[in-house]
Amino acid sequence: MCGIVAYIGKKEAYPIIIKGLKRLEYRGYDSAGVALFNEDLRVYKKKGKVNDLVSFVKGKNLEGHVGIGHTRWATHGEPNDINAHPHTSDDGRLTIIHNGIIENYATLKEALIKEGHTFTSDTDTEVLIHLIGTLQDKDNLKLEEAVRIALSQVVGAYAIVILDKDDPTKLVAARKASPLVLGIGQNEFFLASDATPLVGYTSQVVYLNDEEIAVVSNDGTFEIKTFDNEIQTPYVQRLNMNIEKLEKGDYEHFMLKEIYEQPNTIADCMRGRVNAAAGWLKMGGIEVQEERIFNAKRFIMAACGTSWHAALIGEYLFEELARIPVEVEYASELRYRNPIINKDDVVIALSQSGETADTMAALELAKEKGALIYGIVNSVGSSISRITDSGSYIHAGPEIGVASTKAFTGQVTALTLMAIYMGYKRGTIPKSYYHQLLEGLEKIPAKVKEALECDNQIKKLATKFINTNHTLYLGRGYNFPVALEGALKLKEISYIHAEGYPAAEMKHGPIALIDENMPVVVIATNKSAYEKIASNIQEVKARKGIVIAIVTKGDTEISKIADYTIEIPDTEEPFTPLLSVIPLQLLSYHIALARGCNVDQPRNLAKSVTVE
Ligand code: G6P
């Protein structure tokens with residue numbers, strides 16, 4: 001978490017940095033700050049969002065062709081002006097921005113205090129910059145050398161950029177387990193936590209690898225070395241991102257824009273992979289590792305948050321269509337419980353950002369144990385996509401709203417394609433059903449568009465639930481993980497307590513909560529568990545719960561018993577989650593909006609969780 005941006009070149013650094021920080025605000029928005037150099041160094045920082053910083057610096061000297069900026073998600077030290085980045089060394093000479101955690105900061109701090117250092121903030125970052133400054137002074141080292149030695153004493157995760165006011169012709173950056181992208185322009189350089197701040201300035205990028213230090217200079221030269229001091233030949237890639245995708249356009253919020261993008265993003269995920277008329281489905285990521293994937297004894301899916309819900313749907317899909325055993329794990333649990341992972345397992349990581357620390361660590365563990373690792377990732381060039389043996393991008397484009405929507409349906413689409421591909425090849429899907437599924441898949445984008453037509457109905461419905469304190473979400477089969485996802489969406493952005501449950505499990509506890517004040521969202525589409533879920537609705541109604549049912553278009557049974565019904569188009573059962581999640585995304589959006597919540601930047605959350 002935290003977003004960092006730096007610039008060195010001939011342009012004014014401040015506007016570039018501020019624009020970049022706004023694009024990175026999804027990573028954290030507890031405080032923001034910039035350091036700019038022009039004859040002298042100026043550091044401005046403020047609690048709150050990037051816009052609060054912008055108001056704070058109005059009228060101040062913002063000149064400088066070199067600068068660093070930060071938007072924070074607090075780990076060490078409460079969100080306030082003092083703990084905001086950048087932080088400076090004791091003599092005010094070095095300034096740092098940092099994303100990550102210095103785990104051994106307390107020991108380092110104690111040693112530095114003994115040497116006479118005093119600290120103004122509660123952050124681990126300030127400890128790091130004092131350490132670098134001390135090392136540099138002691139032996140009169142070059143900044144990059146002092147950084148290298150300091151980092152050898154540091155335990156933790158970091159992406160850092162340092163500006164030295166005694167040598168403002170260069171910036172020194174380094175990373176370990178936190179992302180950092182270098183943008184190369186005409187005699188200018190950009191450094192950022194992801195590539196979005198670079199869009200519009202340059203399309204030449206280098207994704208720094210773990211344990212690398214970069215030095216970029218205002219004469220247009222740069223050098224990348226490993227922590228072992230070996231010079232690296234940079235792999236310069238072309239960035240494929242356009243500004244339109246980073247802006248809200250006519251939408252009030254990114255979340256709404258991203259919900260509405262789903263017909264296109266799902267189609268993009270299928271593009272070049274499915275052709276129903278010609279009767280084929282291709283998954284390049286599987287093809288390149290076909291032998292190991294087809295001989296795998298089991299699949300383990302590791303993920304966090306919404307991506308974990310997509311993985312649960314993956315379990316249903318893989319087991320039903322391809323008849324392969326699947327285990328779904330919270331990455332944070334998998335990595336710490338000495339799991340049994342073998343060489344003939346395939347571990348699939350699902351991650352929108354491709355940077356989630358726990359997911360990354362679980363993958364590293366699986367790799368050590370010899371499993372094949374496969375990524376289902378949105379962010380191109382991200383850390384996870386780079387350590388996997390193979391994978392499938394979901395091609396949803398940048399997702400900026402903190403609550404994940406289009407990435408979820410992208411992940412589910414990729415898993416669906418994989419399950420069908422493997423099922424057909426393994427002979428667990430009969431030919432006629434295979435063709436039916438391909439045809440059904442191609443209709444999904446249009447059906448998602450149709451599902452979005454419930455928006456106005458949901459907007460009106462949302463006004464009835466502004467003062468709700470608790471909500472229950474129920475589903476069975478494929479719709480059980482969708483219930484979990486619906487509940488997560490509601491609590492993330494509206495701060496209403498919500499729980500998702502398998503509908504039948506309701507009897508083992510949650511039913512005790514049901515009374516006339518309890519809204520119960522039931523996903524009751526017309527497939528295998530239809531009668532069962534209808535009975536569950538009766539059980540809720542018998543206790544006077546308020547039932548909001550998501551049903552298949554044309555349903556006449558459930559609308560008789562539910563208080564409110566929302567229709568979605570019919571589809572093949574394995575594709576149901578792609579449609580049933582749509583009204584739940586809209587419901588949480590409209591309830592949160594009606595409650596006056598910040599939909600795109602909910603409190604305490606961040607989109608990319610790069611700390612464990
Ligand atoms: C954060 C985000 C969620 C996301 C989760 C996993 O909590 O707010 O939206 O689902 O991280 O992130 P990933 O990028 O790995 O999918």
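Since we're looking at a predicted model, the values are computed, not measured.

## Focus: the overall build of the chain
Thinking step 1. Secondary structure summary: the chain contains 20 helices and 26 strands in total.
Thinking step 2. Against the globule reference of 25 Å for 612 residues, the chain gives a C-alpha radius of gyration of 25 Å, in line with a compact fold.
Thinking step 3. The principal-axis extents of the C-alpha atoms in the chain amount to approximately 80 × 55 × 45 Å.
Thinking step 4. Taken across its 612 residues, the chain has 61% of its residues classed as buried.
Thinking step 5. Counting only contacts in the chain whose residues sit at least 6 apart along the sequence, the fraction spanning at least 24 positions is 71%.

## Here's the deal with empty space enclosed by the protein
Thinking step 1. Under the counting rule described, the total for this entry stands at three cavities of 30 Å³ or more.
Thinking step 2. Roughly 100 Å³ of volume is contained in the largest cavity.
Thinking step 3. Of all elements in the fold, only strand 6 (94-102) and helix 4 (124-139) reach the threshold of two or more residues within the lining of the largest cavity.
Thinking step 4. The element best represented in the lining of the largest cavity is strand 6, accounting for three residues.
Thinking step 5. Roughly 50 Å³ of volume is contained in the second largest cavity.
Thinking step 6. F465, T468, T471, Y473, L490, P519, V521, I548, L587 and I591 together form the lining of the second largest cavity.

## Concerning the sheet that holds strand 10 (residues 189-192)
Note: strands within a sheet are paired through backbone hydrogen bonds, in either parallel or antiparallel orientation.
Thinking step 1. Strand order in the open sheet formed by eight strands is 3-2-4-1-10-9-11-14, and the pairing between neighbours is antiparallel. With partners counted over all chains shown, the strands left at the sheet margins are strand 3 (40-47) and strand 14 (237-238), one partner each.
Thinking step 2. Where strand 9 (residues 181-184) and strand 11 (residues 204-207) come together, three bridges link them in antiparallel fashion. Its bridge partner lying in strand 11, L182 is registered against V206.
Thinking step 3. Across the face of the sheet, helix 1 (residues 13-24) comes into contact with strand 1 (3-8), strand 2 (31-38), strand 4 (66-72) and strand 10 while running at roughly 160 degrees to strand 1.
Thinking step 4. Contacts from helix 2 (residues 50-57) reach strand 2, strand 3 and strand 4 within the one sheet, and its direction differs from that of strand 3 by about 130 degrees.

## What about the domain arrangement of the chain?
Thinking step 1. We note that the domain assignment places domain 1 (3-244), domain 2 (248-429) and domain 3 (448-601) within the chain.
Thinking step 2. Relative to domain 3, the C-alpha centre of domain 2 lies at a distance of 25 Å.
Thinking step 3. Listed per partner, the contact involves 32 residues of domain 2 and 29 residues of domain 3.
Thinking step 4. Surface buried jointly by domain 2 and domain 3 totals about 2600 Å² across both partners, of which 72% is contributed by carbon and sulfur atoms.
Thinking step 5. In terms of surface lost to domain 3, no three residues of domain 2 exceed M255, H309 and Y316, which account for 21% of the buried area on that side.
Thinking step 6. Between domain 2 and domain 3 we count zero salt bridges in total.
Thinking step 7. Of all the secondary structure elements, the ones that give two or more residues to the side of domain 2 that touches domain 3 are helix 6 (254-260), helix 7 (262-270), helix 10 (305-322) and helix 14 (406-426).
Thinking step 8. Tallying contributions element by element places helix 10 first for the side of domain 2 that touches domain 3, with 10 residues.

## Let's talk about the site of the ligand
Thinking step 1. As a structural note, the neighbourhood of the ligand is formed by 13 residues, with S307, S351, Q352, S353 and T356 the closest of them.
Thinking step 2. T356 places a side-chain nitrogen or oxygen 2.5 Å from an oxygen atom of the ligand.
Thinking step 3. V402 places a main-chain nitrogen or oxygen 3.4 Å from an oxygen atom of the ligand.
Thinking step 4. Taken by itself the ligand offers 390 Å² of open surface, and the protein chains cover 90% of this.
Thinking step 5. It is helix 10 that contributes the most residues to the shell around the ligand, three residues altogether.

## What about the environment of A371?
Thinking step 1. In this fold, A371 is placed in the loop between helix 12 (357-368) and strand 20 (372-377).
Thinking step 2. Taking C-alpha positions, A371 is 35 Å from E25, a pair spaced 346 residues apart along the chain.

## Re the nonpolar core
Thinking step 1. Core analysis: the biggest nonpolar cluster contains 94 residues, and L281, F299, F318, I348, I420 and M422 have the highest contact counts within it.
Thinking step 2. Considering each element in turn, this core owes the most residues, 11 residues, to helix 14.
Thinking step 3. Formed jointly, this core draws a minimum of three residues from each of two domains, domain 2 (248-429) and domain 3 (448-601).
Thinking step 4. Excluding its chain neighbours within four sequence positions, the residues that come into contact with M422 are I286, I293, F294, F299, F318, A322 and I324.

## Looking at the pairing of strand 22 (residues 470-475)
Thinking step 1. For strand 22, a buried count of five out of six residues is recorded, marking the element as mostly surrounded by other parts of the structure.
Thinking step 2. Pairing between strand 22 and strand 23 (residues 497-502): six bridges, direction parallel. By the bridge assignment for strand 23, L472 is matched with E499.
Thinking step 3. On the question of chirality, the crossover connecting strand 22 to the parallel strand 23 by way of helix 17 (residues 479-494) is right-handed.
Thinking step 4. Judged from the three bridges that link them, strand 22 and strand 24 (residues 519-524) form a sheet pairing that is parallel. Note on strand 24: the bridge partner recorded for L472 is V520.

## Description of the packing of helix 1 against helix 2
Thinking step 1. Where helix 1 meets helix 2, the closest approach of the two axes is 9 Å, and the angle between their N-to-C directions is 155 degrees. Here helix 1 lies roughly antiparallel to helix 2, going by the angle between them. The segment helix 1 lies against helix 2, with Y14, I18, L21 and K22 engaging V50, N51, L53, V54 and V57.
Thinking step 2. Considered class by class, the residues forming the contact of helix 1 with helix 2 number seven nonpolar, one polar and one charged.

## Points about the side chain of R23
Thinking step 1. On the secondary structure map, R23 appears in helix 1.
Thinking step 2. Although R23 is buried, it makes no salt bridge; E247 carries the closest opposite charge, 4.2 Å away.
Thinking step 3. At a separation of 2.8 Å, a polar atom in the side chain of R23 contacts the main-chain carbonyl oxygen of T196.

## Considering the sheet that holds strand 5 (residues 87-88)
Thinking step 1. Pairing is antiparallel across the open sheet formed by six strands, whose spatial order is 5-6-7-8-12-13. Two strands bound the open sheet, and with one partner strand each, they are strand 5 and strand 13 (222-226).
Thinking step 2. With five bridges joining them, strand 12 (residues 212-217) and strand 13 adopt antiparallel strand pairing. Within strand 13, the residue paired with E212 across the bridge is T226.

## Quick look at unusual backbone geometry
Thinking step 1. Cis geometry is adopted by the peptide bond preceding P86, which originates at H85 and carries an omega value of 0 degrees.
Thinking step 2. Examined against the element boundaries, P86 turns out to sit in the loop between strand 4 and strand 5.
Thinking step 3. Of note, E39 is a non-glycine position whose phi angle comes to about 70 degrees, a positive value.
Thinking step 4. In this structure, E39 sits in the loop between strand 2 and strand 3.
Thinking step 5. Its relative accessible area of 76% is what places E39 among the exposed residues.
Thinking step 6. Even without a glycine there, the phi angle at N604 is positive, about 65 degrees.

Scoring rules and cut-offs
- Residues numbered from 1 in each chain as written.
- Predicted model: local features only at pLDDT ≥ 70, side-chain atom pairs only at ≥ 80, totals over all residues.
- Heavy atoms only, no water.
- Helix = DSSP H or I, 4+ residues; strand = E, 2+ residues; numbered from the N terminus.
- Rg over C-alpha atoms; globule rule 2.2 N^0.38 Å.
- Buried < 20%, exposed > 50% of the residue type's maximum accessible area, 1.4 Å probe, protein only.
- Contact = heavy atoms within 4.5 Å.
- 1 Å grid on protein atoms, 1.4 Å probe; cavity = no way out; pocket = protein on both sides within 12 Å on 5 of 7 lines; lining within 4 Å.
- Points joined across faces, edges and corners; volume = space filled by probe spheres on them.
- Pairing = 2+ DSSP bridges.
- Axes fitted to C-alpha atoms, helices over the stretch in contact; angles between N-to-C directions.
- Domains from an automatic or database assignment.
- Buried area = accessible area lost by both parts, 1.4 Å probe.
- Salt bridge = Lys/Arg side-chain N within 4 Å of Asp/Glu carboxyl O.
- Near = heavy atom within 4 Å.
- Polar contact = N/O pair within 3.5 Å; in protein donor to acceptor, adjacent residues only side chain to side chain.
- Areas by Shrake-Rupley, 256 points an atom, 1.4 Å probe, with all protein chains shown as cover.
- Core = buried A, V, L, I, M, F, W, Y, C linked by side-chain atoms within 4.5 Å.
- Right-handed = clockwise from strand over helix to strand, strands pointing away.
- Parallel < 35°, antiparallel > 145°, perpendicular 65-115°, else oblique.
- Nonpolar A, V, L, I, M, F, W, Y, C, P; charged D, E, K, R; others polar.
- Lys, Arg positive; Asp, Glu negative; His and termini not counted.

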